[in-house]
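# A look at the structure
These are the residues of each chain, in order.
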Amino acid sequence: MRELKDELILYDTTMKRAHCLNDTAAAVWRLCDGRRNVREIAHVLEKDEELVWMALQELEDSGVLNRDVPQTIRSYGLSRRELVMKIGIGAAVALPMVSSILVPTASAAPSPPTKQSPRRVRR
Amino acid sequence: MSTIEPSVPSRSRQVKKLDRLHWPAIARLTVYGVRIGLRANALEFIDPLLSRIPSGFGTESSGPIDRLYSVIGDTKPRADEKRRDCNFHFANGRRLAGGTSWEDVCDSFEADLEVLVATRSRNALFIHAGAVSWKDKAIVIPGESHSGKTTLVQAFLELGATYYSDEFAVLDSEGQLHPFPRALRVRSNLAGKKISAAEFGVATGVAPAQVRLVILTRHVPGLRWRPKALSQGEAILGMIQNSLNAQRHPELALSALQRATDAAHVLGGTRGEAKDTARWAVQHLNR
Amino acid sequence: MARIDSNGRAVAALLAGSWRRSPPRLELPVADLTRIAPLLLRSGAGALAWWRIRHSGYELLPAELCQFRVTYLGYAARAAEYEAELIDSLTALRSSGIEPIVIKGWAVARAYPESGLRPCGDIDLCLSADQRVKAATIPSARYLSSYSVDLDHDTVTRFGERFETIYSRSQLVSLGCSEIRVPCPEDHLRILCLHLLKHGAWRPLWLCDIAASLESRPQTFDWDRCLGTSTKYSDWVLCAILLAHHLLGADIGEIQSGRKSRTVPAWLVGSVLKQWNSSWAENLPTFAEQVAGRLWTMETVRAMHRRWPNPIQATVDADGSFRSITRLQYQIRDCTLRAVKLCRQLPNLFAHSHDSMLNDHGPQY
């Protein structure tokens, strides 16, 4: 794990993936200790619950969480665009974001592009 | 005669056969933390190979090695000194090059050593990237093969930048960029005559430099350079994606990249002509 | 030396016989070599080009062509790392009771005289259906499958063969102190042919793989086993083999004896040469992204033209015949299916591009 100024880098040594969490996603991740529920996390962070659900969705999709999230932002029927409209355009920059990549092996780096070249996964 | 114990847990049949030969010339070295053994059937074959090793290699007298190179050369003098029959092996007993061209043997050794060091180094992070410096500010251009990074490096050199590498950016654990210059290739015969950057009239970096600019770009013909600022996290991911030994040494990778990008601007986006991008970057650094 | 104006024909002329230990002498002007150099380098055939040039006595080469030699040295240098990764991948799977068959990649590189002639690429493995389910639950196997190890390669089973049949005929070959399971020569050649056609034969290297496999086949090679029992698919395989013979001069020996003599369809040759005329457009965004990004420019129109379905791929996707008079029915079918898929993707893509603008708070210069 590496703490940057506004981001957090996580390296998964089992799956050989590196993840970059923006400050919102990182804040939610830090509070995922298996004891707090979504309402409590939202209360601590002073953010909307839907935002926390979205962060959990991002974290789950990236494989950063240990367990599956029982409910997701999708169950609210909200897309990212709809959520932004709900919480306000000005808060758009607070949307959680997780970028992930597969860390290449030694022989993979210089090969010509193939159907399975490492792709950056941005949610 | 000293012996070199390769680190392979069990020697292959080919290596055992080679072990039975006479090796009067033996060298044991470390290159960026990678331990190599080099043995030859005559002293005269060791020096040309040593000259191909990146500068700054140290000598290592004991401990297991990562790869053993064995060179068997033709010691019978011939009219054309360059034409020698050589066999070239490494620890798995694989023949890397052979035949009459000594230049082929040396080139093959250099290429294999380069990949070995880049993928196994324990004390430096190797990234597929072009690297130059402008007024002591290092510029790193990560990219896979044929992504246009060499063209962009050349564009920077034409503006007067100092050459660090057109293939690998080498970062130590403090995030400092080290030079890894390779001789440039010019119009030549089949052997591919190489000329050092200095012979080209280009300054080559010697001392480590602090990274001030990272350019994560890909070349798309016809487009204009429209750079966008990226975050430090995006820079780290982009550089990991082009690294060769990050998977082996993730702690080193994260440490080196965090420190390298702490004070660096990171730009992303597609680019058109290399000259325009290089000019823009230099003006940006001059501010 | 006569010039060859068409890039595709020049590529074929350069790669003909390039997989042999002593390839035939090349008689191609340097200007033609320089023109097609980027096509070969980007498609992974740079080392083979070097091998052919090296044995042809060219005196002076421009710097661009020296890149072929650098490519060859690079492939040779990386071959050891690739093999180590292959062994690690197999060890991880075998420790969980999974025994894969290695296809393409390393399995076909053995047919070349030197390890530096063919790039390493991905590790393609075939598993049985049960083993695939098992692999999905094992962390180490999940990691493998998420990266460059393809655990779900369907070329083996998609065209009518059973994995168990392929497995029963497979062989163990040595790699250092390990043993690697590969298909028998007949099955592997068939797999290579079907793989080439499935992807529209865009990559010249794949046809060289077929040629190298053909010429390294054992004396006991069984053509009936190779071509298989399905009339349609055996014709597909035959077409691919005849293509290697027609374009690259591969020696096919006695393949036609006892069979109704067949020639390679002219449209197939034309289609392959057209693919080889230009480089693979890896820098192009997907058409859906272009539309969602509202790039309503001539570039979009050109992209539509470039994406008109490859007739080879369209025929395979439609399970059609290579001997039918026209490919148009397959291409229209392919186009229609893609248009439907695009229409389904567009709402999400528009939403995503809108979100990207919202999240994109970095300064623009």
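Residues numbered from 1 in each chain as written. Chains lettered and ligands numbered in written order. Predicted model: local features only at pLDDT ≥ 70, side-chain atom pairs only at ≥ 80, totals over all residues.

## Section: the overall build of chain C
A tally of helices and strands in chain C yields 18 helices and five strands. Taking all 365 residues of chain C together, 44% fall into the buried category. The contacts in chain C between residues at least 6 apart in sequence include a share of 71% that link residues at least 24 apart. (Helix = DSSP H or I, 4+ residues; strand = E, 2+ residues; numbered from the N terminus. Buried ≥ 20, exposed ≤ 12 C-beta atoms within 10 Å, placed from the backbone. Contact = placed C-beta atoms within 7 Å.)

## Things to note about the domain arrangement of chain C
Residues and elements named next belong to chain C. Each assigned domain of chain C is listed here: domain 1 (7–276) and domain 2 (281–359). Tallying the contact residues gives 13 residues for domain 1 and nine residues for domain 2. Of all elements in the fold, only α10 (185–198), α13 (231–248) and α14 (266–277) reach the threshold of two or more residues within the side of domain 1 that touches domain 2. Among the elements that take part in the side of domain 1 that touches domain 2, α13 stands out by supplying four residues, more than any other. (Domains from an automatic or database assignment.)

## A few points about the pairing of strand β8 (residues 137–142) of chain B
Residue and element names in this part refer to chain B. Buried residues dominate β8, accounting for five of its six residues. Where strand β7 (residues 124–134) and β8 come together, six bridges link them in antiparallel fashion. Paired with Trp134 across the strands is Lys137, a residue of β8. In this structure, the hairpin formed by β7 and β8 is closed by a connection of two residues, where Lys135 is found at a positive phi of approximately 50°. Pairing of β8 with strand β14 (residues 209–219) involves four bridges; the strand directions are parallel. Considered in β14, the bridge of Val140 is made with Val214. (Pairing = 2+ DSSP bridges.)

## A closer look at the domain arrangement of chain B
Residues and elements named next belong to chain B. By the assigned domains, chain B splits into domain 1 (13–120) and domain 2 (124–286). Contact residues are listed per partner, giving seven residues for domain 1 and eight residues for domain 2. By residue number, the principal contributor to the side of domain 1 that touches domain 2 is helix α3 (residues 102–120), which donates four residues. The residue inventory of the side of domain 1 that touches domain 2, partitioned by class, reads three nonpolar, two polar and two charged. (Nonpolar A, V, L, I, M, F, W, Y, C, P; charged D, E, K, R; others polar.)

## A closer look at the interface of chain A and chain B
Interfaces are often sized by the amount of accessible area the parts lose when they come together. Each partner contributes to the interface: chain A provides 20 residues, whereas chain B provides 21 residues. Of all the secondary-structure elements, those providing two or more residues to the side of chain A that touches chain B are β2 (7–12), β3 (17–22) and β4 (98–102) of chain A.

## With respect to the packing of helix α11 (residues 204–215) of chain C against α13(C)
All names here are of chain C. With their axes 9 Å apart at the nearest point, α11 and α13 run at an angle of 95° to one another. By the criterion of interaxial angle, the relationship of α11 to α13 is roughly perpendicular. Residues Leu207, Cys208, Ile210, Ala211 and Leu214 of α11 pack against Ala240, Ile241, Leu243, Ala244, Leu247 and Leu248 of α13. In the contact of α11 with α13, the residues fall into eleven nonpolar, no polar and no charged. (Axes fitted to C-alpha atoms, helices over the stretch in contact; angles between N-to-C directions. Parallel < 35°, antiparallel > 145°, perpendicular 65-115°, else oblique.)

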